[in-house]
Amino acid sequence: MRKLKLEMQVSIDGFTADANGDTGWMTWNWGEPWRWDEALRRHHEELTASADTLLLSRVMAEEGFYAHWQQVAEQPGDARNAFARQIVAMRKVVFTHTLPQSRWPDTVLAKGDLVEEVMHLKRQPGKDMLAYGGPAFASALAAAGLIDEFHFLVNPAVLGNGRGMLKDIGGAIPLRLVDARPFSCGVVLLHYARPE
């Protein structure tokens, strides 16, 4: 069965955005310039290459995810181009109860029960899957026990309050440390997996 990997950028105190939803404190908040160092970029591209399916929340899909990465993929001189081409080429599954049909290429909508939909995807052949989305989507996946690996990119910032990365997950999730690696840009990777 293939794995579901969650990748999230967070502050040192565990927030994904400040109280107003701003992410300008991130070392790189997905825009230009790409301020990650070369080693972190390589890690991120390798993680993306380990998957062939991307799970997205409806909110992320509707906030311009597709248009943004398609535009970057069409600019060979952009440092984010290799990552963008990987994202554009992946099969994408958008989890929604409100969209009547997909408006994006290479995308299907998952409208059923979250656990059933993800378990169906896990049983399909192929590479692993990545999940991108905000705290609500990540929390729903975590609470249902669907995430096999957590890849937290801890940014050198303390917010004090804001949008927490995982909340209302129904209790502790035991994890084992796979990797902890600092990068010269100040980001620290914390890679955890479920115990075997």
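The coordinates are above.
Calculation rules
- Here the residue index of a chain counts from 1 through its sequence in written order.
- Per-residue local features are limited, in this predicted model, to residues with pLDDT of at least 70; the limit for side-chain atom pairs, both in listing and counting, is 80 or more; totals at the level of whole chains, interfaces and linings are taken over all residues.
- Only hydrogens and water are set aside when side-chain values are computed; all heavy atoms of the structure are taken into account.
- Helix and strand definitions follow DSSP, with helices as H or I runs of at least four residues and strands as E runs of at least two, each counted in order from the N terminus.
- Radius of gyration: over C-alpha atoms. The globule rule applied is 2.2 Å multiplied by the number of residues raised to the 0.38 power.
- Burial classification: accessible surface area is computed with a 1.4 Å probe over protein chains only, and a residue below 20% of its type maximum counts as buried, one above 50% as exposed, and the rest as partly exposed.
- Axis geometry follows a simple rule: fit a line to the C-alpha atoms, using only the stretch in contact for helices, then measure angles between N-to-C directions, giving values from 0 to 180 degrees.
- Angular relationships are summarised with four words: roughly parallel below 35 degrees, roughly antiparallel beyond 145, roughly perpendicular across 65 to 115, and oblique for the angles in between.
- Handedness of each helix crossing follows the sense of rotation of the near helix against the far helix: counterclockwise by less than a right angle gives left-handed, clockwise gives right-handed.
- Whether two residues are in contact is decided by their heavy atoms: any pair within 4.5 Å suffices.
- All residues other than Ala, Val, Leu, Ile, Met, Phe, Trp, Tyr, Cys, Pro, Asp, Glu, Lys and Arg, Gly among them, are scored as polar; the first ten of these are nonpolar and the last four charged.
- We call a set of buried residues a nonpolar core when its members are Ala, Val, Leu, Ile, Met, Phe, Trp, Tyr or Cys and they connect through side-chain atoms within 4.5 Å of each other.
- The rule is simple: put a 1 Å grid over the protein atoms alone, call a set of points where a 1.4 Å probe fits but cannot get out a cavity, call an open set with protein on both sides within 12 Å along at least five of seven lines a pocket, and count a residue as lining if it has an atom within 4 Å of a point.
- Grid points are joined across faces, edges and corners, and a volume is the space filled by probe spheres set on the points.
- We define a polar contact as two N or O atoms separated by no more than 3.5 Å, with the added condition that, inside protein, one atom must be a possible hydrogen donor and the other a possible acceptor, whereas residues neighbouring each other in sequence contribute only through side-chain atom pairs.
- Note on aromatic contacts: the rings of Phe and Tyr and the six-membered ring of Trp form a pair at centre separations within 6.5 Å, being stacked when their planes are under 30 degrees apart, edge-to-face when over 60 apart, and tilted otherwise.
- Here the expected length of a helix is defined as 1.5 Å per residue gap, with one fewer gap than residues.
- To obtain the bend at a residue, axes are fitted to the seven residues ending there and to the seven starting there, and the angle between these axes is taken.
- Only four residue types enter the charge count: Lys and Arg as positive, Asp and Glu as negative, with His and the chain ends excluded.
- The salt bridge definition used is simple: a Lys or Arg side-chain nitrogen within 4 Å of an Asp or Glu carboxyl oxygen.

Overview of the overall build of the protein
- Secondary structure summary: the protein contains five helices and ten strands in total.
- A compact globule built from 196 residues would reach a C-alpha radius of gyration of about 16 Å, and the protein, at 16 Å, matches this within 12%.
- In terms of its C-alpha atoms, the protein occupies a principal-axis envelope of roughly 45 × 40 × 35 Å.
- For the protein, buried positions account for 46% of its 196 residues.

Brief notes about the packing of helix 2 (residues 58-73) against helix 3 (residues 81-89)
- One way to put it is that helix 2 packs onto helix 3 with a least axis distance of 8 Å and a crossing angle of 130°. Classified by the angle between their axes, helix 2 and helix 3 sit oblique to one another. Judged by the twist between their axes, the crossing of helix 2 over helix 3 is left-handed. Of the residues in helix 3, those in contact with Phe 65, Trp 69, Gln 70, Val 72 and Ala 73 of helix 2 are Asn 81, Phe 83, Ala 84, Arg 85, Ile 87 and Val 88.
- Tallied by class, the residues present in the contact of helix 2 with helix 3 amount to eight nonpolar, two polar and one charged.

Here's the deal with the nonpolar core
- Core analysis: the biggest nonpolar cluster contains 28 residues, and Trp 36, Leu 54, Phe 65, Trp 69, Ile 87 and Tyr 132 have the highest contact counts within it.
- Contributing elements (two or more residues each) for this core: helix 1 (38-49), strand 3 (51-57), helix 2, helix 3 and strand 6 (128-132).
- No other element matches helix 2, which puts six residues into this core.
- Beyond its immediate stretch of four places on either side in the chain, Phe 65 contacts Leu 54, Leu 56, Met 60, Ile 87 and Tyr 132.
- Core analysis: the second largest hydrophobic core is formed by 23 residues, Leu 6, Phe 95, Leu 146 and Ile 173 among them.

Description of the layout of surface pockets
- Computed from the structure, the second largest pocket encloses a volume of approximately 190 Å³.
- Lining the second largest pocket are Ser 57, Arg 58, Val 59, Phe 95, Thr 96, His 97, Ala 110, Gly 112, Asp 113, Leu 114 and Phe 137.
- Residues belonging to the lining of the second largest pocket are distributed by class as follows: five nonpolar, four polar and two charged.

Focus: the environment of Asp 52
- By the element assignment, Asp 52 lies in strand 3.
- Between the alpha carbons of Asp 52 and Ala 131 there is a distance of 11 Å; along the sequence they are 79 residues apart.
- With residues near it in sequence (within four places) discarded, Asp 52 still touches Arg 2, Met 90, Arg 91, Gly 126, Lys 127 and Asp 128.
- Looking at Asp 52, its side chain comes within polar contact range of the side chain of Arg 2, at 2.8 Å.

Describing the packing of aromatic side chains
- Inspection of every chain in the model, using the stated rule, returns three aromatic pairs.
- Ring geometry for Phe 95 and Phe 137: centres 5.6 Å apart, planes at 45°, overall tilted. Placement of Phe 95 in strand 4 (residues 91-95) and of Phe 137 in helix 5 (residues 135-143) is noted, with a sequence separation of 42 residues between them.
- Considering the side-chain rings of Phe 150 and Phe 152, the 5.8 Å spacing of their centres and the 35° angle between planes classify their relative orientation as tilted.
- The class for Phe 152 is buried, based on a relative accessible area of 8%.

Focus: helix 2
- Given a rise of 1.5 Å per residue, 16 residues ought to cover 22 Å, and the 22 Å separating the end C-alpha atoms of helix 2 matches this to within 8%.
- For helix 2, the principal kink sits at Gly 64 and spans about 50°.
- When we look at burial in helix 2, the residues that qualify are Ala 61, Phe 65, Tyr 66, Trp 69, Val 72 and Ala 73.
- Summarising the contacts, the buried residues of helix 2 are in contact with strand 3, helix 3, strand 4, strand 5 (107-110) and strand 6.

Description of the side chain of Asp 37
- The residue Asp 37 is located in the loop between strand 2 (15-17) and helix 1 in this model.
- Buried charge Asp 37 goes without a salt bridge, the closest partner of opposite sign being Arg 42 at 6.8 Å.
- For Asp 37, the side chain forms a polar contact with the main-chain nitrogen of Leu 40, separated by 3.0 Å.
- For Asp 37, the side chain forms a polar contact with the main-chain nitrogen of Ser 184, separated by 3.0 Å.
- Setting aside anything within four residues of it in sequence, one finds Asp 37 in contact with Phe 183, Ser 184 and Cys 185.

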